[in-house]
Every structure is written in structure tokens, then in C-alpha cells.
Amino acid sequence: MPKWLWFLPVSCLTLTFGYFGLKQGQQMTSLSETEVINAVAGAYVEKTGGAMTDCFAYPSEKDREWLVVSCGTNWLTGIDRFGRTLWIDHTPMPDA
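Quick look at the structure, then. (Residues numbered from 1 in each chain as written. Predicted model: local features only at pLDDT ≥ 70, side-chain atom pairs only at ≥ 80, totals over all residues. Heavy atoms only, no water.)

**Some words on the side chain of S70**
The criterion, for reference: Runs of E in the DSSP output that reach at least two residues are strands. Runs of H or I that reach at least four are helices, and both are numbered from the N terminus. The rule is simple: take the accessible area with a 1.4 Å probe, protein chains only, and divide by the maximum for that residue type; under 20% is buried, over 50% is exposed, in between is partly exposed. Residue contacts are defined here by distance: any two heavy atoms, one from each residue, within 4.5 Å place the two residues in contact.
Considering the arrangement of structural elements, one finds S70 in strand β2 (residues 67-71). Residue classification places S70 among the buried positions, given a relative accessible area of 10%. Among residues more than four places away in sequence, those in contact with S70 are D54, C55, F56, Y58, W75 and L76.

**Some words on the state of the cysteines**
Selection criterion: The criterion for a disulfide is a pair of cysteine sulfur atoms lying within 2.5 Å.
Applying the stated criterion across every chain yields a total of one disulfide. Each sulfur in the disulfide pair C55 and C71 lies 2.0 Å from the other. Negative torsions about the S-S bond denote left-handed disulfides, and the value of about 115° found for C55 with C71 makes this one right-handed. Of the two residues, C55 is situated in strand β1 (residues 55-59) and C71 in strand β2; the sequence distance between them amounts to 16 residues. Accessibility classification places C55 together with C71 in one group, the buried group.

**A short note on the nonpolar core**
General note: in soluble globular proteins, nonpolar side chains tend to be found buried as a group. Here is the rule we go by: Note on terminology: a nonpolar core comprises buried Ala, Val, Leu, Ile, Met, Phe, Trp, Tyr and Cys residues joined through side-chain atoms within 4.5 Å.
Formed by L31, V36, V40, A41, Y44, C55, W66, L67, V69, C71, W75 and I79, the largest nonpolar core amounts to twelve residues. Contributing elements (two or more residues each) for this core: α2 (33-48), β2 and β3 (75-79). With four residues, the single largest contributor to this core is α2.

**Structural notes on the packing of aromatic side chains**
Short version of the rule: Pairing of aromatic rings covers Phe, Tyr and Trp, the last through its six-membered ring, and needs centres within 6.5 Å; plane angles under 30 degrees mean stacked, over 60 mean edge-to-face, and all others mean tilted. Charge over a ring is defined by NZ of Lys or CZ of Arg lying within 6 Å of the ring centre and within 35 degrees of the ring normal.
Summed over all chains, the structure comprises three aromatic pairs. Consider the rings of F56 and Y58, whose centres lie 6.3 Å apart with planes at 35°: the pair is tilted. Among the residues examined, F56 registers a relative accessible area of 45% and is labelled partly exposed. The ring of W66 has R81 lying over it, and the distance from NZ or CZ to the ring centre is 4.1 Å.

If you want it as C-alpha cells, here you go:
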């Protein structure tokens, strides 16, 4: 068996992992804050009937989170860099 044939599986695995790494990087860099805010605001409008202008986002202080989107007074959503929802908090605020 030729020696170059032994390196064929290794090179195929390297190319495959490189391809998937490139795709993940493209997904991460192409997602904008505006897209995330609009997606969460759309869900907020659909479920509560509020306005999309009620929503804003701020950077999260946690390691895995990218943004926290706040809509109205009781609609918080944590989003990671891939656009996945990490947590949702829709509990009403207590009256002061």
C-alpha cells in the first residue's frame, strides 16, 4: 500500500473540520444586533400586542451571553452570539 494513501483519511478529516469551522464563523459574524432585537421584538408584539419600539438591548455581563433584550417592563430575553435564546423572563414587576 502506498504511503500517501495513509494520509488520505487525515486530510479528509482536516478539510471537513475546516469547512464546518468556517461555516460557524460566518454565522457568528453575519448576525447583527438589529436582527436579534427585531426577532425578539416581533415575538413580543405577537404575544403581548405591544409596540416594537418598546424593545432595546444591552450587552450582557455574563460570559455565554451576548445581548439582553428588554421589551416593556417585564419581558427580558438573553441571547448568545449565535442568536440562540438562553433564557426568558416574563414575570411581572412588583408594584412599588
